[in-house]
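# Topology and contacts: notes
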Amino acid sequence: MSKRRAPFDDLSTGEVTLDAATSRYLCRVLRLEVGDELIAFDPKRALEADARIVRIDREVVVISVAALRDARVVAPRRVTLVQGLPKGEKCDAIVRDATELGATDIVFATTERSVVRLTGARAAERMMRWKKIADEAARQCGRGDAPTLSLASWSEAIDACDRDDARFVLHPHAVTPLAPHLLSVARQSHLGVAFAVGPEGGLTLAEVETAEKQGWCAVSFGQTVLRTETMTAAFLGALRAFGEALPASKDASPSLKDGR
């Protein structure tokens, strides 16, 4: 049986006393005992290490961490999601799906049709929640890293992706189909990819035009209109499936940065 895994911030070698939440997870959920082994990983630094439980004192767990090493499984390429900020708990599902399917950066962008506005303490609280969800999703799917999380305006988020080779705005009224471009990108694993999704009400034409002026390509998934929380899984699932099924190529596609 493979070793159990648990995420830890600022992982270091030697004896480490775990916080209450992680201790409860190891003791109550995994039912580990003194002497049991696990793999500890630091999702922010993409490091991991073999570890062993050396003490349990009133459900406070102390582990001994061996030498750190690069995580064995990490996202295969840089993939940035710019997500128009949706309502309710949809962000939770989006973070979870994006982590499991290989996103490396998630930017929640405030758009004209975003109902939710996050600032100050409320924003910090949400960021902490999303980080926990991302770390747990990384643990569950076997990744040794987790995506970075941030909040920005639409224009800030769009501008911040200028280093990515392929940039797509998913819009139901776009005339360009996604599939041909995505097939090309999937074969070129060295290319960084960014994709943007609107909130429940979608993106305005002005927001789409803002992205296009910065080199993004407006593309459509087809005739049906998908929910905002569905788009991430659909895009990343297709990118992953195409990438694994097609032979790799090192040929760059010059049209990707030009938004054509």
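To start, this report covers the structure provided alongside it. Keep in mind the model is a prediction, meaning the values are calculated, not measured.

Procedures and definitions
Residues numbered from 1 in each chain as written. Predicted model: local features only at pLDDT ≥ 70, side-chain atom pairs only at ≥ 80, totals over all residues. Heavy atoms only, no water. Helix = DSSP H or I, 4+ residues; strand = E, 2+ residues; numbered from the N terminus. Buried < 20%, exposed > 50% of the residue type's maximum accessible area, 1.4 Å probe, protein only. Contact = heavy atoms within 4.5 Å. Axes fitted to C-alpha atoms, helices over the stretch in contact; angles between N-to-C directions. Left-handed = near helix turned anticlockwise from the far one by under 90°. Nonpolar A, V, L, I, M, F, W, Y, C, P; charged D, E, K, R; others polar. Pairing = 2+ DSSP bridges.

## Quick word on the side chain of His-171
Checked against the element boundaries, His-171 lands in the loop between strand E10 (166-170) and helix H5 (178-186). Judged by its relative accessible area of 10%, His-171 is buried. If sequence neighbours within four positions are ignored, His-171 has contacts with Leu-203, Leu-205, Val-208, Val-219 and Ser-220.

## Observations concerning the packing of helix H2 (residues 90-100) against helix H3 (residues 120-141)
The interhelical angle for the contact between H2 and H3, taken along N-to-C directions, is 35 degrees, at an axis separation of 8 Å. Crossing of H2 over H3 shows right-handed handedness. Here H2 contributes Cys-91, Asp-92, Val-95, Arg-96, Thr-99 and Glu-100 to the contact with H3, which in turn contributes Arg-129, Trp-130, Ile-133, Ala-134, Ala-137, Ala-138, Gln-140 and Cys-141. Partitioning the contact of H2 with H3 into residue classes produces eight nonpolar, two polar and four charged.

## Structural notes on the sheet that holds strand E8 (residues 105-110)
Taken in spatial order, the six strands make up an open sheet running E9-E8-E7-E11-E10-E12, and their pairing is parallel. Each edge of the open sheet is held by one strand with a lone partner, namely strand E9 (148-153) and strand E12 (217-219). Strand-to-strand twist across the sheet, computed as the mean angle between neighbouring axes with direction ignored, equals 20 degrees. Pairing of E8 with E9, which is carried by six bridges, proceeds in the parallel orientation. Its bridge partner being in E9, Ile-106 is matched across the sheet by Leu-149. Sheet strands in contact with H3 are E8 and E9, and its direction is about 145 degrees off that of E9.

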